[in-house]
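# Architecture at a glance
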Amino acid sequence: MLICEDMFHSVSPMLAALDGAQALIVSSASPARGIEPGPGRPANVERWERLARAAAEEHGVAVAVSQLLGFEGGKGFAGGSVACGPRGDVLWRGPLWEEALQLVELDLGEITAARADQPMLSDLERALPLLIASRDDGDRPDDCPEADFVPPELLAIDAALVDEWLVRFLQDEMVRRRGFERAVVGLSGGVDSAVTAALCARALGSENVHAFLMPYRTSNPESAEHAMLVADQLGIPTRTIEITAAADGYLVEHESDADATRRGNVMSRQRMIVLFDQAAKLSALPVGTGNKSERLLGYFTWHADDSPPINPLGDLFKTQVWALARHLGLPDEVVEKPATADLVLGQTDEADLGVSYGTADLILHHLVTGRSAEWIVSAGFDADAVARVQSRLDGTHWKRNLPTVAMLSATTIGEWYLRPVDY
């Protein structure tokens, strides 16, 4: 019997078995998610296998889950199909990120034996009316602050899995979908751009990654030194383009009283002008370097740092980027130094934000997964830090979206009516 993903999550395996089904084939298009340390597979692939094994063993049926493979709009479908026997044993486990075709033979006599050993179906048949009536009833257990607050392991990642996942993402988005075989990256000397450059080099080859150093006259010379350490280690070509004259052509001539924030925004946007122009020159694609922490906190320049059309790090918190950088073996000078936008002499991210990334990332995790500020404080976080992070998260939604368009028709570009429209 062929059933869909939604059906499998309901009572359908039980009903199918009661109706005489001996094997269930589940067609799943579940986007890969979950990068916690473990068996080296996305968490949803692991969960699907657990569900398949449990359903097979409980109901005495063979279960095969056929998983979609590929990428679509940033969503990765990792494959990892699985076939289970009627006792919950794994008969075959498909590879990740690769197509595979496998013939799995079933012993139908084993199904009868498994049901005899585990006479669940006869019990269910008698209890079925009650089960159907009550399947949607019942309260969830009370939320418990201690349930999943285990810092810092809460944000730990399987770095090897993330490495391969993001390399394949870049190959799919750049080469297969867009036809670009070269990337341009702004190499700042910081960990985010270093990790992005390393992933691009793995995905495209070092010779196809062009790194640009774009200092301003107030930039810390150490930033360029660290950027070159990364470039030399990766074997990627670099070019230094000083942006002082371009930025000062506006700032000095017309806005000499601009404060540090405005000046920093002008520098960031000038760097994007350089990157996009160099991309056009090299027939390359700009690749973004912003991490999830910066995006949620609004700690970036709108239509500057976030401008590149693809971004491999956008769903990784800063602390997770550091973990990935260590896995990739990037220079300690880059990985261990304080994070800085380097727009003002002596500037650091954590001083600007008023909270460390280690703390901010955990607070953000709880906020975006539905926890209240009160719950987070009760879990042991400093109330001022929670308020600071929540204020930035709530006040910067607009920076995480495309321009708001007045919707006048059923075909508004990029908006939803009855279907997504993109011309």
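One can find the structure itself at the top, above this paragraph.
Residues numbered from 1 in each chain as written. Predicted model: local features only at pLDDT ≥ 70, side-chain atom pairs only at ≥ 80, totals over all residues. Heavy atoms only, no water.

Here we come to the sheet that holds strand E10 (residues 238–240). Read from one edge to the other, the open sheet built from four strands follows the order E10-E9-E8-E11, with strand pairing classed as parallel. What marks the edges here is a single partner per strand, and that holds for E10 and strand E11 (285–286). (Pairing = 2+ DSSP bridges. Helix = DSSP H or I, 4+ residues; strand = E, 2+ residues; numbered from the N terminus.)

Close contact between helix H12 (residues 318–328) and helix H15 (residues 357–368) brings their axes to 8 Å; oriented N to C, the two are set at 120°. Classed by the angle they form, the pair H12 and H15 counts as oblique. For the pair formed by H12 and H15, the contact residues are Lys318, Thr319 and Trp322 on the first element and Tyr357, Gly358 and Asp361 on the second. Here the residues of the contact of H12 with H15 sort into two nonpolar, two polar and two charged. (Axes fitted to C-alpha atoms, helices over the stretch in contact; angles between N-to-C directions. Parallel < 35°, antiparallel > 145°, perpendicular 65-115°, else oblique. Contact = heavy atoms within 4.5 Å. Nonpolar A, V, L, I, M, F, W, Y, C, P; charged D, E, K, R; others polar.)

This next bit is on the pairing of strand E9 (residues 209–213). For E9, the buried fraction is high: five of the five residues fall into the buried class. Across the two faces of E9 the burial is the same, with Val209, Ala211 and Leu213 and His210 and Phe212 all buried. Pairing analysis gives four bridges linking strand E8 (residues 183–186) to E9, with the strands arranged parallel. Directly across from glycine 186, in E9, lies its bridge partner phenylalanine 212. With helix H7 (residues 191–204) bridging E8 and the parallel E9, this β-α-β connection has right-handed handedness. Across three bridges, the pairing between E9 and E10 is parallel. (Buried < 20%, exposed > 50% of the residue type's maximum accessible area, 1.4 Å probe, protein only. Right-handed = clockwise from strand over helix to strand, strands pointing away.)

Before going further, it helps to spend a moment on the pattern of salt bridges. Applying the stated criterion across every chain yields a total of 16 salt bridges. Taking the shortest distance from any N to any O, the salt bridge between glutamate 336 and arginine 326 comes out at 3.4 Å. Of this pair, glutamate 336 sits in the loop between helix H13 (332–335) and helix H14 (349–353) while arginine 326 sits in helix H12; the two residues are 10 residues apart in sequence, bridging distant segments of the chain. The exposure class assigned to arginine 326 is partly exposed, which follows from its relative accessible area of 47%. Through salt bridges with shared partners, a single network forms among Glu72, Asp172, Glu173, Arg176, Arg177 and Arg178. (Salt bridge = Lys/Arg side-chain N within 4 Å of Asp/Glu carboxyl O.)

Okay, empty space enclosed by the protein next. A complete count under the given rule lists one cavity of 30 Å³ or more for this structure. Space inside the largest cavity adds up to approximately 40 Å³. Every residue along the wall of the largest cavity is listed here: Ser30, Pro31, Ala32, Asn44, Val45, Gln67, Leu68, Phe77, Ala78 and Gly79. Counting residues per element, the ones that place at least two in the lining of the largest cavity are helix H3 (43–59) and strand E5 (75–78). Grouping the constituent residues of the lining of the largest cavity by class yields six nonpolar, four polar and no charged. (1 Å grid on protein atoms, 1.4 Å probe; cavity = no way out; pocket = protein on both sides within 12 Å on 5 of 7 lines; lining within 4 Å. Points joined across faces, edges and corners; volume = space filled by probe spheres on them.)

A contiguous nonpolar patch, built from Leu91, Leu106 and Leu108 and spanning about 240 Å² of accessible area, is present on the exposed surface. Within the fold, leucine 91 resides in strand E7 (residues 90–93). For leucine 91, a relative accessible area of 37% gives the class partly exposed. (Patch = residues over 30% accessible without salt bridge, like charges linked within 9 Å, V, L, I, M, F, W, Y side chains within 5 Å. Areas by Shrake-Rupley, 256 points an atom, 1.4 Å probe, with all protein chains shown as cover.)

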